[in-house]
Number of protein chains: 2
Amino acid sequence: MKKQSPPTSKQVAEIAKVSQSTVSRVFSGMDGISEATKKRVFSTAEKIGYRPNAIARSLILNRSNLIAMVALGVQNPYYNVVINEVASRIQKMNREPLFFIAEKEKGVDQILGQVMQYRVDGIIVLSAEMSPAMAAEFEKIKTPMVIFNKLTHIANVKTICSDNEKAGRDAADHLFSRGYREPVFVGSSTFHITSLTREKGFVSRFEELGCKVQILQQIPYSYQAGKVIIEELIKSQTHFDSIFCAADLFALGAIDQLRNSSIRVPEDVGIIGFDNIEFASWPSYQLTTFSQQTETMLDACFAYLDTKLEGHENGSDIQLFPCELIHRKTT
Amino acid sequence: MKKQSPPTSKQVAEIAKVSQSTVSRVFSGMDGISEATKKRVFSTAEKIGYRPNAIARSLILNRSNLIAMVALGVQNPYYNVVINEVASRIQKMNREPLFFIAEKEKGVDQILGQVMQYRVDGIIVLSAEMSPAMAAEFEKIKTPMVIFNKLTHIANVKTICSDNEKAGRDAADHLFSRGYREPVFVGSSTFHITSLTREKGFVSRFEELGCKVQILQQIPYSYQAGKVIIEELIKSQTHFDSIFCAADLFALGAIDQLRNSSIRVPEDVGIIGFDNIEFASWPSYQLTTFSQQTETMLDACFAYLDTKLEGHENGSDIQLFPCELIHRKTT
DNA sequence: TTGAAAGCGCTACCAA
DNA sequence: TTGGTAGCGCTTTCAA
């Protein structure tokens, strides 16, 4: 069975007794067309179910109207919110989001190839861990590109990122001020650099305050993993009185595991998470956590893309946004 | 500043001293090309950073390799999982997901226009509430299309859906068998038909069992809304001993609100949710809920798409999948 | 094994 | 206000 082709502007032209160019002009909303012609073209188009072929248009205009949304190894519920928001903003700028997703970093090279084949007008990368090889590839690309929430130094690529180091320091200050002196940091190599940066700020600030931080790494990113790592921590009999988790899901898992072991939060152990996912605010948890300025950061992403797409130059530097500590009941 | 065009096959041809057709043949993996030529083409392509233009290819092949993923009014975290899974499956079939998202139903007409302009090879609609006008539009379309988890009767459109009515009846049976006799149903017009179908099964089964169901509707779909509606229910002083929520987020909000009012779950009030989102299984909630056979249903979606894309015919009927009651600790 | 040439559906230029 | 025509980058005949 052959796929039958949809009607073309040529067919509309024939039926409406105008030239194909006229049909094109009508549909691209150019003026200088008589009302009568316009009406006739539209009505015959309607009749035969004609829709302009975006592919052909893209070919000739050398722009696809597509924006690539690249999500790599995204398991964090925080990004579900981001993905929806990004997609919807792309549509609001009258373009379409072409969605690329890869479980692991290994897929990235292949993905970049795909992205480029579609001649997308812009690229938004969400939280991607990037290999140096990958970064090198990205540098070559002329397409406007912005990396959201991953600190990366690539020439000609805009980076919009939370100030994770500062947040780490703030977490340390907060815990210290609440009287905690035996801190644990729980990170994840699932979002390596981000986690590392938070760790760095946390550890160095606590050192300044005279406390040593115990560092734990958990690989899969999930609630369950948070439980497991705390279970092991408890079993190990090491002393600790506070935990800073690089992500809320860990923190929530940690809370439940502590409760299981009849350890009181925040009296015995204080906990801080990261991301302020919806569930963090629920009565069962009331998690103290950091909120990223997602809206503001996305504003910055799109402001950058917009000017680049307009053909204007724009410094492709790194922009850091502070995170806000939301104090609830786990510290 | 002009957007500079990426290299074309013609340029590769010139440098590699072959014809443009040869370059094309090399990149589309046709055989009948000498190894020497192949190597020469690839290396010059590499050198100047050539990548085939998917747009031009789409134009001539009359297929875009794009699959539209249309999500309408999706607020349910359940769909975040689905969206990621669908996107990743589309890529596995060597196509790209073009993501369309609309907050409300009103955007659908416009979206369909967009979808068709891109000459997508297939369409996957996620949980869309559809107006009759919309459905009429869809009927006209020749593009293979499958609707996931929304009961809709449209000619030539495959529907893959959970058996919500059966689940409603199962919920009633379960509650009844646990001794509950004063049931409440909490639905949402956010996912109108789905909610209505669950309601229908629930109410009619309970009627058969001799109990009357109190029906509540909540419009926004969120945890917070679940709290609010239960707060009002409690204030209204009506008797009830069990609640069937059309979605987990409602149920979780309901649980917390009941706890606030010192009403015990499941002793005083039993609660059943729907979707089995991750949080339902957490220790703080242990929600009895229904799990949809998402994987199996997606298998069916893609099996259908695959055969249609292969050009084979395939009955575009409605396929219903049973939901499994997961009995935890709220009933 | 390769090259020349036609043409996919559209936009944009030049004439009329 | 309109029509004719060239050409976007590719695939695919048909010839060589």
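Remember, predicted model here, so these are calculated numbers, not experimental data.

Participant: Run through the relation of the copies chain B and chain A, naming residues and quoting values.
Facilitator: Of the two same-sequence chains, chain B is brought onto chain A (RMSD 0.1 Å, axial shift 0.0 Å) by a rotation of 180°. The operation mapping one copy onto its partner corresponds to a two-fold rotation axis. The position closest to the rotation axis in chain B is occupied by the C-alpha of Leu98(B), lying 2.3 Å away. Both copies present the same face, since 100% of the interface residues in chain B are matched by interface residues at the equivalent positions in chain A.

Participant: How would you sum up the protein's contact with DNA strand C? Please name residues and give values.
Facilitator: Ser9(A), Ser24(A), Thr22(B), Thr37(B) and Ile60(B) are the nearest of the 24 residues found near DNA strand C. A distance of 2.6 Å separates a phosphate oxygen of DNA strand C from a polar atom in the side chain of Thr22(B). Between DNA strand C and Thr37(B), the relevant distance is 2.4 Å, taken from a phosphate oxygen to a side-chain nitrogen or oxygen of the residue. Contributions of two or more residues to the surface near DNA strand C are made by α2 (20–27) and α4 (54–61) of chain A together with α2 (20–27) and α4 (54–61) of chain B. In the surface near DNA strand C, the residues fall into nine nonpolar, twelve polar and three charged.

Participant: An account of the domain arrangement of chain A is requested, with residue identities and associated values reported.
Facilitator: All names here are of chain A. Domain annotation for chain A reports domain 1 (9–60), domain 2 (62–163 + 294–323) and domain 3 (164–291). The distance between the C-alpha centroids of domain 2 and domain 3 comes to 29 Å. Counting residues at the interface gives 13 residues for domain 2, matched by 17 residues for domain 3. In total, domain 2 and domain 3 occlude about 1,300 Å² of area from one another, counting both sides; carbon and sulfur atoms represent 52% of this. The interface formed by domain 2 and domain 3 includes zero salt bridges. For the side of domain 2 that touches domain 3, the secondary structure elements donating two or more residues are α5 (77–92) and β5 (158–162). A class-by-class count of the residues in the side of domain 2 that touches domain 3 yields five nonpolar, five polar and three charged.

Participant: Please set out the packing of aromatic side chains residue by residue, giving values where relevant.
Facilitator: For any pair of aromatic rings, the description consists of the separation of the ring centres together with the inter-plane angle of the planes. Within this structure, the stated rule accounts for 32 aromatic pairs over all chains. Between Phe185(A) and Phe244(A) the ring centres are 5.7 Å apart and the planes differ by 65°, which places this aromatic pair in the edge-to-face class. Here Phe185(A), found in strand β6 (residues 183–188), pairs with Phe244(A), found in strand β8 (residues 242–245); they are 59 residues apart in sequence, far enough to count as distant. By the burial criterion, Phe185(A) is buried, and Phe244(A) matches it. Arranged with centres 5.0 Å apart and planes meeting at 75°, the rings of Tyr78(B) and Tyr79(B) form a pair that is edge-to-face. The class for Tyr78(B) is buried, based on a relative accessible area of 7%. The ring of Phe176(B) carries the charged tip of Arg181(B) above its face, separated from the ring centre by 3.6 Å. Taking the ring centre of Phe274(B) as reference, the NZ or CZ of Arg198(B) above it sits at 3.5 Å.

Participant: Explain the environment of Phe185(B) residue by residue, including any values.
Facilitator: Residue and element names in this part refer to chain B. You can call Phe185 buried: its relative accessible area is 0%. Separated by 57 residues in the primary sequence, Phe185 and Ser242 have C-alpha atoms spaced 8.6 Å apart. Beyond its immediate sequence surroundings of up to four residues, Phe185 is in contact with Ser195, Arg198, Glu199, Phe202, Val213, Gln214, Ile215, Leu216, Gln217, Phe244 and Ala246.

Participant: Give a detailed account of helix α10 (residues 223–235) of chain B, specifying residues and quantitative values.
Facilitator: Residues and elements named next belong to chain B. When the terminal C-alpha atoms of α10 are compared, their 19 Å separation across 13 residues agrees well with the 18 Å that a helix rising 1.5 Å per residue should span. When α10 is considered as a whole, its buried residues turn out to be Tyr223, Ala225, Gly226, Lys227, Ile229, Ile230 and Leu233. Those residues of α10 that are buried lie in contact with β6 (183–188), β7 (214–218), β8 (242–245) and α11 (248–260). The first or second residue beyond α10 is Gln237, which carries a positive phi of 65°.

Participant: Please give an account of unusual backbone geometry that cites residues and values.
Facilitator: Residues and elements named next belong to chain A. Along the chain, Val265 connects to Pro266 via a cis peptide bond; the corresponding omega equals 5°. As for its position among the elements, Pro266 is in the loop between α11 (248–260) and β9 (270–272). Phi is positive for Asn62, which is not a glycine, with a value near 60°. For Asn65, which is not glycine, the phi torsion reads 70° and is therefore positive. Checked against the element boundaries, Asn65 lands in the loop between α4 and β1 (66–72). Here Asn65 falls in the partly exposed class, since its relative accessible area comes to 21%.

Participant: Can you break down the interface of chain B and chain A residue by residue, with the values?
Facilitator: In this assembly, 62 residues from chain B lie in contact with 62 residues from chain A. Between chain B and chain A, roughly 5,400 Å² of surface is buried when both sides are summed, and carbon and sulfur atoms account for 56% of that area. The largest share of the area that chain B buries against chain A comes from Arg51(B), Ile55(B) and Arg119(B), three residues that together contribute 13% of it. At the junction of chain B with chain A, the criterion picks out zero salt bridges. Where chain B meets chain A, there are 16 residue pairs in polar contact (both at pLDDT 80 or more). Counting residues per element, the ones that place at least two in the side of chain B that touches chain A are α4, β1 (66–72), α5 (77–92), β2 (96–102), α6 (108–117), α10 and α11 of chain B. Among the elements that line the side of chain B that touches chain A, the one with the most residues is α5(B), at seven residues. Grouping the amino acids of the side of chain B that touches chain A by side-chain chemistry returns 30 nonpolar, 16 polar and 16 charged.

What counts, and where the lines are drawn
- Going along each chain's sequence as written, the residues are numbered from 1 onward.
- Both sets of labels track the order of writing: A upward for chains, 1 upward for ligands.
- For a predicted model such as this one, the threshold for reporting local features is a pLDDT of at least 70, and the threshold for listing and counting side-chain atom pairs is 80 or more; totals across whole chains, interfaces and linings nevertheless cover every residue.
- Heavy atoms from the whole structure form the basis of all side-chain values; hydrogens and water molecules are not counted.
- The least-squares superposition of copies is restricted to C-alpha atoms, and to residues with a pLDDT of at least 70 in both copies.
- Any pair of residues with heavy atoms lying within 4.5 Å of one another is described as a contacting pair.
- A cutoff of 4 Å decides nearness: a residue is near a molecule or strand if any of its heavy atoms lies inside that distance of it.
- A 3.5 Å cut-off defines polar contacts: any pair of N or O atoms within that distance qualifies, except that in protein one atom must be a possible hydrogen donor and the other a possible acceptor, and neighbouring residues in sequence count only when both atoms are side-chain atoms.
- A run of DSSP states H or I qualifies as a helix once it reaches four residues; a run of E qualifies as a strand once it reaches two. Both are numbered from the N-terminal end.
- Residues are grouped as follows: Ala, Val, Leu, Ile, Met, Phe, Trp, Tyr, Cys and Pro are nonpolar; Asp, Glu, Lys and Arg are charged; every other residue, Gly included, is polar.
- Just so you know, the domain bounds were taken from an automatic or database domain assignment.
- Take the accessible area each of two parts loses on contact, using a 1.4 Å probe, and add the two losses: that sum is the buried area.
- We define a salt bridge as a contact between a side-chain nitrogen of Lys or Arg and a carboxyl oxygen of Asp or Glu at a distance within 4 Å.
- Any Phe, Tyr or Trp ring, taking Trp's six-membered ring, that has another such ring centre within 6.5 Å forms a pair; planes under 30 degrees apart are called stacked, those over 60 apart edge-to-face, and the others tilted.
- Only protein chains enter the calculation, and the probe is 1.4 Å; a residue is then buried if its accessible area is under 20% of its type maximum, exposed if over 50%, and partly exposed in between.
- Charge-over-ring placement is defined geometrically: NZ (Lys) or CZ (Arg) within 6 Å of the ring centre, and within 35 degrees of the ring normal.
- Here the expected length of a helix is defined as 1.5 Å per residue gap, with one fewer gap than residues.

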